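Architecture at a glance
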Amino acid sequence: MAMAPSSSLAQVYTSPVAVVVWEWQDEMGIWHPYSATVCNYIEQQFVQQKGQRFGLGSLAHSIPLGQADPSLAPYIIDLPSWTQFRQDTGTMRAVRRHLFSQLSAPGRGIVWEWLNDDGSWIAYEASICDYLEQQLARGNQLVDLAPLGYNYVVNYATHIQTNKVSNYCRSVRRQAGPPYPVTTIIAPPGHTGVACSCHQCLNSGGTGPVSGRYRHSMTSLPAYPTPQTPQRTAVIFGAHQAFAPYNKPSLSGARSAPRLNTTNPWGGVLPSLGNQPFYCSSLSHLGPQRQPPGSSTASGASQLHTLNFALFSPSASMPSGPVSNPGSIPTTVPVQMPKPSRVQQALAGGTPKPEPEQVIRNYTEELKTAPDEDCIICMEKLSMVSGYSDVTNSMSIVPVAVGRLTKCSHAFHLLCLLAMYCNGNKDGSLQCPSCKTIYGEKTGTQPRGKMEVFSFQVSLPGHEDCGTILIVYNIPHGIQGPEHPNPGKPFTARGFPRQCYLPDNAQGRKVLELLKVAWKRRLIFTVGTSSTTGETDTVVWNEIHHKTEMDRNVTGHGYPDPNYLQNVLAELAAQGVTEDCLEQQ
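Right, let's walk through the structure included here. (Residues numbered from 1 in each chain as written. Predicted model: local features only at pLDDT ≥ 70, side-chain atom pairs only at ≥ 80, totals over all residues. Heavy atoms only, no water.)

1. Things to note about the sheet that holds strand S18 (residues 364-367)
Read from one edge to the other, the open sheet built from three strands follows the order S18-S19-S20, with strand pairing classed as antiparallel. In this open sheet, the two strands that pair with only one neighbour each are S18 and strand S20 (411-413). When the angles between neighbouring strand axes are averaged without regard to direction, this sheet yields 35°. Note: strand S19 (residues 402-405) against S20, three bridges, orientation antiparallel. If you follow Gly403 over to S20, its bridge partner there is Phe412. (Pairing = 2+ DSSP bridges. Helix = DSSP H or I, 4+ residues; strand = E, 2+ residues; numbered from the N terminus. Axes fitted to C-alpha atoms, helices over the stretch in contact; angles between N-to-C directions.)

2. Describing the pairing of strand S2 (residues 17-25)
Bridge analysis of S2 against strand S14 (residues 182-184) gives three bridges, and the strand direction is antiparallel. Considered in S14, the bridge of Val19 is made with Val182. As defined by bridge partners, S2 adjoins strand S7 (residues 92-100) across six bridges and the pair is classed as antiparallel. Its bridge partner lying in S7, Val20 is registered against Leu99. Inspection of the sheet shows S2 paired to strand S3 (residues 31-33) by three bridges, in the antiparallel sense. Opposite Trp24, over in S3, you have His32 as the bridge partner. Taking the residues that link successive antiparallel strands as the turn, the S2-S3 hairpin has five residues, and the phi of Gly29 there is positive, at about 85°.

3. Concerning the packing of helix H9 (residues 506-520) against helix H10 (residues 564-574)
Contact geometry for H9 and H10: axes closest at 11 Å, N-to-C directions at 25°. By the angle between their axes, H9 is roughly parallel relative to H10. Here H9 runs over H10; the crossing is left-handed. Contacts between H9 and H10 involve Gln507, Gly508, Lys510, Val511, Leu514, Leu515 and Ala518 on the former and, on the latter, Leu565, Gln566, Val568, Leu569 and Leu572. Tallied by class, the residues present in the contact of H9 with H10 amount to eight nonpolar, three polar and one charged. (Parallel < 35°, antiparallel > 145°, perpendicular 65-115°, else oblique. Left-handed = near helix turned anticlockwise from the far one by under 90°. Contact = heavy atoms within 4.5 Å. Nonpolar A, V, L, I, M, F, W, Y, C, P; charged D, E, K, R; others polar.)

4. A few points about the pairing of strand S27 (residues 498-503)
Counted residue by residue, S27 has six buried out of six residues, so it is predominantly covered. On S27, burial covers both faces: Arg498, Cys500 and Leu502 on one face and Gln499, Tyr501 and Pro503 on the other are all buried. Where strand S24 (residues 468-474) meets S27, six bridges bridge the pair, whose relative direction is antiparallel. Following the sheet pairing, Tyr473 is matched in S27 by Arg498. (Buried < 20%, exposed > 50% of the residue type's maximum accessible area, 1.4 Å probe, protein only.)

5. Comments concerning the state of the cysteines
The final tally for this structure, using the stated rule, is zero disulfides. Looking at the unpaired Cys416, the closest cysteine sulfur is the one in Cys378, lying at 3.6 Å. (Disulfide = S-S within 2.5 Å.)

6. Regarding the packing of aromatic side chains
With the rule as written, the count across this model stands at eleven aromatic pairs. Every member of this aromatic cluster is reached through a ring pair, and the members are Tyr473, Phe496, Trp519, Phe525 and Trp541. In this arrangement the basic side chain of Lys407 is found over the ring face of Tyr439, its NZ or CZ atom lying 5.4 Å from the centre. Above the face of the Phe496 ring, Arg498 is positioned so that its terminal group lies 4.4 Å from the ring centre. (Phe/Tyr/Trp six-rings, centres within 6.5 Å; stacked < 30°, edge-to-face > 60°. Lys NZ or Arg CZ within 6 Å of the ring centre and 35° of its normal.)

7. Concerning the environment of Arg404
Structurally, Arg404 can be placed in strand S19. Taking the C-alpha atoms as reference points, Arg404 and Glu365, separated by 39 residues in sequence, lie 5.4 Å from one another. Apart from the residues within four sequence positions on either side, Arg404 is in contact with Tyr363, Thr364, Glu365, Leu367, Pro371, Ser409, His410 and Ala411. Reaching out from Arg404, the side chain makes a polar contact with the backbone oxygen of Ser409 at a distance of 2.9 Å. (Polar contact = N/O pair within 3.5 Å; in protein donor to acceptor, adjacent residues only side chain to side chain.)

8. Some thoughts on the pattern of salt bridges
Oppositely charged side chains can form a pair if their charged atoms are brought close together. In the structure shown here, the tally under the stated rule is 21 salt bridges. The salt bridge involving Arg509 is made with Asp504; its shortest N-O contact spans 3.0 Å. Since its relative accessible area comes to 21%, Asp504 is described here as partly exposed. For Glu513, the salt bridge identified is with Lys516, shortest N-O distance 3.1 Å. Residue Glu513 and its partner Lys516 are both found in helix H9; the two are separated by three residues, about one turn of the helix. Residue class for Glu513 comes out partly exposed when judged on its relative accessible area of 30%. (Salt bridge = Lys/Arg side-chain N within 4 Å of Asp/Glu carboxyl O.)

9. Examining the sheet that holds strand S12 (residues 160-163)
Spatial ordering of the open sheet is given by S9-S8-S13-S12-S11-S10, a layout of six strands whose pairing is antiparallel. Both outer strands of the open sheet, strand S9 (121-123) and strand S10 (142-144), are each paired with one neighbouring strand and no more. Averaged over neighbouring strand pairs, the angle between their axes works out to 30° when direction is ignored. Summarising the sheet, strand S8 (residues 110-115) and S9 pair through three bridges and their orientation is antiparallel. The residue bridging Leu115 from the neighbouring strand is Trp121, located in S9. Strand contacts of helix H2 (residues 126-137): S8, S10, strand S11 (152-155) and strand S13 (169-176), with the helix running at about 105° to S8, the strand carrying the most contacts.

Pasting the structure below:
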């Protein structure tokens, strides 16, 4: 059925109790309701956080649909952007949340469906189901859907839908199933207005539903409300494992900076794993926080601010002639300087970087005579001047200098190695462009986030002799730092938290420990362009494959896969993460 999309008005509901239906929109603009079971799970996750506007929950994390329906394992609902995100293809669809009366069709579990060309039955959007049910209750035999913006007539007697323009007919049917979930809408004390479930009002940062006059005229709405303190279940989630990847200045100092979301994505709602016990790792490791440069001592900062104010404040009584005596400068009280912005904090330098020339010297030995071969970086003869001599300047490396890497013995122009190093992360490590041997400790550009580890007694296909390790990665939206493609520009983080699975056996636990090392070195994710959606300035995987599906392997991202553990060990080794790293810890 090719139905034209209509403008959906905000649903206003005055009762404190309502039935909730979640829907997603396809590429034709048609809305499709999730099943009652999936909607119940989505709503539980949506309202699990407390302290938000009229009890509608936190908008600061995502909802994995595979926990409610295994066939939806690739899909995640990203609440900040109101989109459904498919992890294996990157496809994004709009989602919405509708409220209905308990006596409505969704409240009684009634769904109307139409027959597609491939023989499958497709559910009408929830508002049409409710409208059809109302007309049936009134005894009407023919129902025109024009009031809802659709060019169709439904005949109850023949169960046929007819296109009023083409006269094309389709079969329709009425199905009874479990009712859709009921939720309580809690307005703040003293509020007399009605509650609205439209996306604009749900994202509003106010203390409750705004008045009807101004509700839909707001233009400046915060995208990410500050998450509340997580309410963890003491036995299950009281001591979960968290990993901070690197030492960077916190963004929490900025006035409008969103706090890092530390909410447990499983908070209070366990996965649908039957009666199997669920265990959580008891180790905890949090990276230390560093202050932005220039704020190491409060006294030094205070003296600097006081001096600036004394010299430049127009209210200070300054001498009319030249000042020759420092004591003649009047004293004044310190003032509190404005806090740095999110962009300024993101661009603030972290750990001091080593000098590039010194890094090249550390891993090479200079040759007195150049070998009779080509430099594979600039493709010039090693006996000739470096091809990068016109774009790379160095005070200590001359254009004709040739060196050999100490481990693999491959030779290059030293200036070419310098140019290659300066074009990368400049983290003090070097990788041979010929054989990929890594010198030093390679790090990446993964944004700040959190890695959590859980275990439960359910087997993965192909690993029936052991339980399962669950890894949860969570990275919030943020501002790109100096190591990213566009410093100072915002980046998006679609589909987080992301759940990944490993078998809980010896080899799976070894892979887990190596993934922890890779996370600390910022190698799991990076900021770049999505190969599936083409979106730029977004968080993407960084060449270390993960299994994001637990019980099927339709897309290649699930189990069984007998070669996965060996393949991921090879991918980790290519990033310089090997068992030797575990011995050094």
